[in-house]
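# Structural overview for review
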Amino acid sequence: MSEKAAQAPVTSPRTLEGGLVAPKGARFALVATRFNDFIVARLVEGALDALVRHGVAPGDVTIVKVPGAWEIPLVCARLAKAGTYDAIVALGCVIRGSTPHFEHVANEVSKGVAQVSLASGVPVGFGVLTTDSIEQAVERAGTKMGNKGADAALAALEMVTLGRAIERAAR
Ligand code: INI
C-alpha cells in the first residue's frame, strides 16, 4: 500500500434507501379493474389500508376504475402525465382459466405498466395478479399469501421516498 493510500481518511459508502413513512401531502392513485372485482376490491382495500397505516391521508388517495387489465397502462400513462400523483398503484387480476387471451392481457399489462413508469419517471407499483386459478388469486388477495395490493402500495411508497432521497443527495 502506498504512503498516500495509507493516509487517506477512512470513509464509508453512502447508502440511499427509501422508507415507509409517507411524506406529508404525498398523493397516490390506485388504478383498479372492474374485471374480477371480487378479487380486485380486496387488493384495493389492502393497498388503501397499507398506505393509510403508513401515514398517507385517505383524502390524498384517488381510486380510478378501469374496465380490465388491458386498460391499465393507458390510464396509468394519463395519470402520470397529469403530474398530480407522486405514485400510482396498478391493481387487477388476470386468471388463466378465464380467457384464451391470458398471455396477451398478462404480458401487455406488465410491459405497459413498466413502460409508463420508465417513460414518465412516476413510480407505478405492480399489483396485478396473474394466476392459473381463482384459488391462487384468492390466496394473494388478503388470505394465506398476503395481499399483493398492499405489497404494491408499499413498494410505490418506498419508491416515492427513495426518489426524494436521490433528489436530496444530488443537491
Ligand atoms: N381483464 C382482466 O382484468 N382480467 C381477466 O382475467 C380478463 N380476461 O379473463 O379476459 C380481462 N379481460 C378484459 C380485458 O382486460 C379488457 O378489458 C377487454 O378486452 C376490453 O378491452
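Here the structure is a predicted model, which means the values were calculated and not measured.

Let us look at the sheet that holds strand S4 (residues 124-131). Spatially, S2-S1-S3-S4 is the arrangement adopted by the four strands of the open sheet, whose pairing is parallel. The outermost strands of the open sheet, each flanked by one partner alone, are strand S2 (61-66) and S4. The sheet shows a mean angle of 15 degrees between the axes of neighbouring strands, direction not considered. As judged from the eight bridges shared by strand S3 (residues 87-95) and S4, these two strands associate in the parallel manner. What sits directly across from Ile-88, in S4, is Val-124.

A separate point is helix H4 (residues 102-120). With 19 residues, H4 extends 27 Å from end C-alpha to end C-alpha; this agrees with the ideal 27 Å at 1.5 Å per step. The complete set of buried residues in H4 reads Phe-102, Val-105, Ala-106, Val-109, Gly-112, Val-113 and Val-116. On an axial view of H4, the arc spanned by its buried residues comes to 145 degrees, and they lie on one face. Pointing more than 90 degrees away from the buried face of H4 are the exposed residues His-104, Gln-115, Leu-118 and Ala-119. Contacts made by the buried residues of H4 are with helix H3 (72-82), S3 and S4. Gly-121 occupies a position one or two residues after H4 and carries a positive phi of about 80 degrees.

The rules behind these values
Throughout this document, residue positions are counted from 1 along each chain, in the order its sequence is written. Only residues with pLDDT of at least 70 are given local features in this predicted model, and only at 80 or more are side-chain atom pairs given and counted; all residues enter the totals for whole chains, interfaces and linings. Heavy atoms from the whole structure form the basis of all side-chain values; hydrogens and water molecules are not counted. Strand pairing requires that DSSP identify at least two bridges connecting the strands. Numbering of helices and strands runs from the N terminus; a helix is a DSSP stretch of H or I covering at least four residues, while a strand is a stretch of E covering at least two. Lines fitted to C-alpha atoms define the axes here, with helix axes fitted over just the stretch in contact, and angles between the N-to-C directions of these axes take values from 0 to 180 degrees. In this analysis, the expected span of each helix is defined as 1.5 Å times one less than the number of residues it contains. For every residue, the accessible area obtained with a 1.4 Å probe (protein chains only) is divided by the maximum for its type, and the residue is called buried under 20%, exposed over 50%, and partly exposed between those limits. As used here, the arc belongs to the directions running from the helix axis to the C-beta atoms. Residues are treated as being in contact if the distance between any of their heavy atoms lies within 4.5 Å.

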